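What follows is the residue order along each chain.
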Amino acid sequence: MIRIENLTKSFGDNVVLRNISEHIVQNEVVCVIGPSGSGKSTFLRCLNRLETPTEGKIYLDDVLIEESNINEVRVKMGMVFQNFNLFPHKSVLDNITLAPIKVKRADRAQAEAEAVELLRKVGLEDKKDSYPDELSGGQKQRVAIARALAMKPEVMLFDEPTSALDPEMVGEVLEVMRELAVNGMTMVIVTHEMGFAREAANRVFFMDQGYIMEQGTPQQIFENPQNERTKSFLSKVL
Amino acid sequence: MEGFLGVLAPYGEGIVIALHGIGMTLGVTAGAIILGMIIGLIMALGKLSKFKIARWPASVYVEIIRGTPLFVQVLILAYGVPYLVNTISEGAVRFNWQPLYLVGILACGFNSGAYLAEIIRSGIQAVDHGQTEAARSLGMTNGQNMRYIVLPQALKIILPAMANEFVTLIKETSILSYVGIVEITREGVLWASRDFETFPAYIGVAVVYLCLTIPLSRVVAYLEKRMGSSGPSMKKRKAGM
């Protein structure tokens, strides 16, 4: 579904991603773990071109992702950010319906009905007329997930979705993500939640120094890591 | 008592006479604001463009306008431009500004546009970049992102600065009296030279300007205070949320 060939990204002299090649298949849940500054977020942001790769090619459904088709590609790739990035001047409902109406030219009534349905799924149907400032962090992130889902994406990208949350709110967001995974959504998740990665992922990438140092099933990575860097990282975080 | 009122009477007359110009002052200001907003938005987007071809003219425009006095700009437009047109056409076109207040709207609009460009640019830059990333990640184009996400938030941020610019603009239109546009100041000047009530005439002019600018300044102060509390929607707050 997503094919990455020789992806390299540098900011000036600073090489953040080094020659990464990967293939993420449909219905797969990939968790990307690793120390800060290892390039996890940059890797994720290259997938929908929020960062322009310095070298290499990325394909979605065998279509090369380029500047010229980026808006169509992004419609198929939902993204959830660490800092939610909800639109503060719009109500929860408008946050969710804006892109379907403006980008997909969806009918407003239809978009609103779907938005309410998505809000019900994330447990926030009573918040549709609220504004982002009136929500807790966990609620904001759940709205952000609903907003991304409203475009009916094929893939969901999560960039440390629980890192900005108070500990007691992490669970409610992970619960929504778990639900998505169970229902077959293809997901790429940059996360520090090792428990979630172990339990929800099909595959785990361990990234360090711009490389995917090691990858495998959660069992392989968490119970029997081969790479010294992986072992040392896991011994610190587990 | 009668003597006291007698002393005050010319001031009252000065105010009344200055008031005759209020329609022209407000009309020119309103026209200039609309023109200035359009120019300001275009120039702000130009300055923020990733294309040099758009950045460069916008920067030059803002530099030239902000680097020269409004008075000189008014002179160039009111007298220089008609002279230029008549000279180039060798008298075939007899160009003069008709109606004259067009000069005022254009000069003040061009001028204000440069200042508003800087205000709007700073507002756009003050909007968190995460907003743009969220909008673009949903497949919105650059234009849709600006229109639906960035500009509405930028506008809220710059509202006080913009209102302030309008207060300044009201006062600056007084310069137009020099080229014969009969606004508040010009009414006072004309009366002073007719009846030699020089002091009451200009006091009257000043009072009328104050009547316009003080309420507007109050609005600016209110907006600034509201900005500080950065709440969600005002409607909601009023509804007791």
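Everything quoted here is computed from the prediction, not taken from an experiment.

Participant: Where do I start with the overall build of chain A in this structure?
Facilitator: Looking only at helices and strands, chain A features nine helices and 10 strands. Since a compact globule built from 238 residues should have a radius of gyration of about 18 Å, the 18 Å found for chain A is in line with a globular shape. Principal axes of the C-alpha set define a box for chain A whose edges measure 55 × 40 × 30 Å. Relative to its 238 residues, chain A shows a buried fraction of 55%. Residue pairs in contact within chain A that sit at least 24 positions apart in sequence constitute 66% of those at least 6 positions apart. On chain A, roughly 10100 Å² of surface is accessible, and the fraction owed to carbon and sulfur atoms is 44%. The centroid of the 28 positive side-chain charges in chain A is displaced by 3 Å from the centroid of its 35 negative side-chain charges.

Participant: Sorry, what's going on with the packing of aromatic side chains here?
Facilitator: Each aromatic ring pair is summarised here by two numbers: the centre-to-centre distance and the angle between the ring planes. Across all of its chains, the model carries five aromatic pairs over all chains by this definition. With a centroid separation of 6.1 Å and an interplanar angle of 85°, the aromatic rings of B:Tyr11 and B:Phe199 are classed as edge-to-face. A residue pair is termed long-range when its members are at least 10 positions apart, and B:Tyr11 in helix α1 (residues 2–19) and B:Phe199 in helix α9 (residues 198–229) qualify at 188 residues. The ring of A:Tyr59 has A:Arg3 sitting right over it, with the charged end atom 4.4 Å from the ring centre.

Participant: Help me out: how do you make sense of the pattern of salt bridges in this one?
Facilitator: Oppositely charged side chains can form a pair if their charged atoms are brought close together. Residue and element names in this part refer to chain A. Applying the stated criterion across every chain, the model contains 19 salt bridges over all chains. Between Arg-3 and Asp-62 there is a salt bridge, with its nearest N and O atoms 2.7 Å apart. Of the two residues, Arg-3 sits in strand β1 (residues 2–11) while Asp-62 sits in the loop between β4 (55–60) and β5 (63–64), which places them 59 residues apart along the sequence. A salt bridge links Arg-203 to Glu-28; its shortest N-O distance comes to 2.6 Å. One end of the pair, Arg-203, is in strand β9 (residues 203–208); the other, Glu-28, is in the loop between β2 (14–24) and β3 (29–33), and 175 residues separate them in sequence. Accessibility classification places Arg-203 together with Glu-28 in one group, the buried group.

Participant: How do you make sense of the interface of chain A and chain B when you look at a structure like this?
Facilitator: Frequently, the measure chosen for interface size is the accessible area removed from exposure when the parts meet. Each partner contributes to the interface: chain A provides 28 residues, whereas chain B provides 24 residues. Each partner contributes to the roughly 2100 Å² buried at the junction of chain A and chain B, and carbon and sulfur atoms together form 58% of this total. By the criterion of area lost to chain B, the three top residues of chain A are A:Phe87, A:His89 and A:Tyr131, representing 22% of everything that side buries. Applying the counting rule to chain A against chain B returns one salt bridge. The partner of A:Arg45 in a salt bridge is B:Glu133, with the nearest N and O atoms 2.5 Å apart.

Participant: Please clarify how the sheet that holds strand β8 (residues 186–190) of chain A should be interpreted in this entry.
Facilitator: Hydrogen bonds along the backbone pair up the strands of a sheet, which may run parallel or antiparallel. Residues and elements named next belong to chain A. As summarised here, the arrangement of the six strands in space is β6-β7-β8-β3-β9-β10, forming an open sheet in which the pairing is mixed. The open sheet has two edge strands, β6 (77–80) and β10 (211–216), and neither has a second partner. Direction aside, the axes of adjacent strands within the sheet are offset by 20° on average. Across four bridges, the pairing between β3 and β8 is parallel. Bridging across to β8, Val-32 finds its partner in Val-190. Helix α1 (residues 40–47) contacts β3, β6, β7 (155–159), β8 and β9 of the sheet and is inclined by roughly 150° relative to β7. Of the strands in this sheet, β6 and β7 are in contact with helix α5 (residues 137–149), which crosses β6 at around 170°.

Participant: How do you make sense of the packing of α5(A) against helix α6 (residues 167–182) of chain A when you look at a structure like this?
Facilitator: Helix packing for two helices is described by the angle between their axes and how far apart those axes are. All names here are of chain A. Running from N to C, α5 and α6 cross one another at 20°; their axes reach a closest spacing of 8 Å. Of the possible angle classes, the one that applies to α5 and α6 is roughly parallel. Seen from above, α5 lies across α6 with right-handed handedness. Facing α5, whose interface residues are Gly-137, Gly-138, Gln-139, Gln-141, Arg-142, Ile-145 and Leu-149, α6 presents Met-169, Glu-172, Val-173, Val-176, Met-177 and Leu-180. Each residue belonging to the contact of α5 with α6 can be placed in one class, and the counts come to seven nonpolar, four polar and two charged.

Participant: When you look at the sheet that holds β4(A) in this model, what are you seeing that I'm missing?
Facilitator: Residue and element names in this part refer to chain A. The four strands are arranged β2-β1-β4-β5 in an open sheet whose pairing can be described as antiparallel. Looking at which strands have only one partner, the edges of the open sheet turn out to be β2 and β5. Against the sheet, α1 engages β1, β2 and β4, with an angle of about 120° to β1.

Participant: Honestly, the environment of A:Val204 in this entry has me stumped. Any pointers?
Facilitator: Residue and element names in this part refer to chain A. Secondary-structure assignment places Val-204 in strand β9. The exposure class assigned to Val-204 is buried, which follows from its relative accessible area of 0%. What Val-204 contacts, discounting residues up to four positions off in sequence, is Cys-31, Ile-33, Ala-197, Glu-214, Gln-215, Gly-216, Pro-218, Ile-221 and Phe-222.

Participant: Got a minute to help me understand unusual backbone geometry in this structure?
Facilitator: Across the chain, the bulk of peptide bonds are trans and the bulk of non-glycine residues have phi less than zero. Along the chain, B:Gln98 connects to B:Pro99 via a cis peptide bond; the corresponding omega equals -5°. Notably, A:Asn19 is not glycine yet its phi reads approximately 50°, a positive angle. By the secondary structure assignment, A:Asn19 is in strand β2. The class of A:Asn19 is partly exposed, set by a relative accessible area of 49%. Unlike most non-glycine residues, B:Phe196 shows phi in positive territory, near 55°. By the secondary structure assignment, B:Phe196 is in the loop between α8 (184–195) and α9.

Reading the values: rules and limits
- Residues numbered from 1 in each chain as written.
- Chains lettered and ligands numbered in written order.
- Predicted model: local features only at pLDDT ≥ 70, side-chain atom pairs only at ≥ 80, totals over all residues.
- Heavy atoms only, no water.
- Helix = DSSP H or I, 4+ residues; strand = E, 2+ residues; numbered from the N terminus.
- Rg over C-alpha atoms; globule rule 2.2 N^0.38 Å.
- Buried < 20%, exposed > 50% of the residue type's maximum accessible area, 1.4 Å probe, protein only.
- Contact = heavy atoms within 4.5 Å.
- Areas by Shrake-Rupley, 256 points an atom, 1.4 Å probe, with all protein chains shown as cover.
- Lys, Arg positive; Asp, Glu negative; His and termini not counted.
- Charge placed at Lys NZ, Arg CZ, Asp CG, Glu CD.
- Phe/Tyr/Trp six-rings, centres within 6.5 Å; stacked < 30°, edge-to-face > 60°.
- Lys NZ or Arg CZ within 6 Å of the ring centre and 35° of its normal.
- Salt bridge = Lys/Arg side-chain N within 4 Å of Asp/Glu carboxyl O.
- Buried area = accessible area lost by both parts, 1.4 Å probe.
- Pairing = 2+ DSSP bridges.
- Axes fitted to C-alpha atoms, helices over the stretch in contact; angles between N-to-C directions.
- Parallel < 35°, antiparallel > 145°, perpendicular 65-115°, else oblique.
- Left-handed = near helix turned anticlockwise from the far one by under 90°.
- Nonpolar A, V, L, I, M, F, W, Y, C, P; charged D, E, K, R; others polar.

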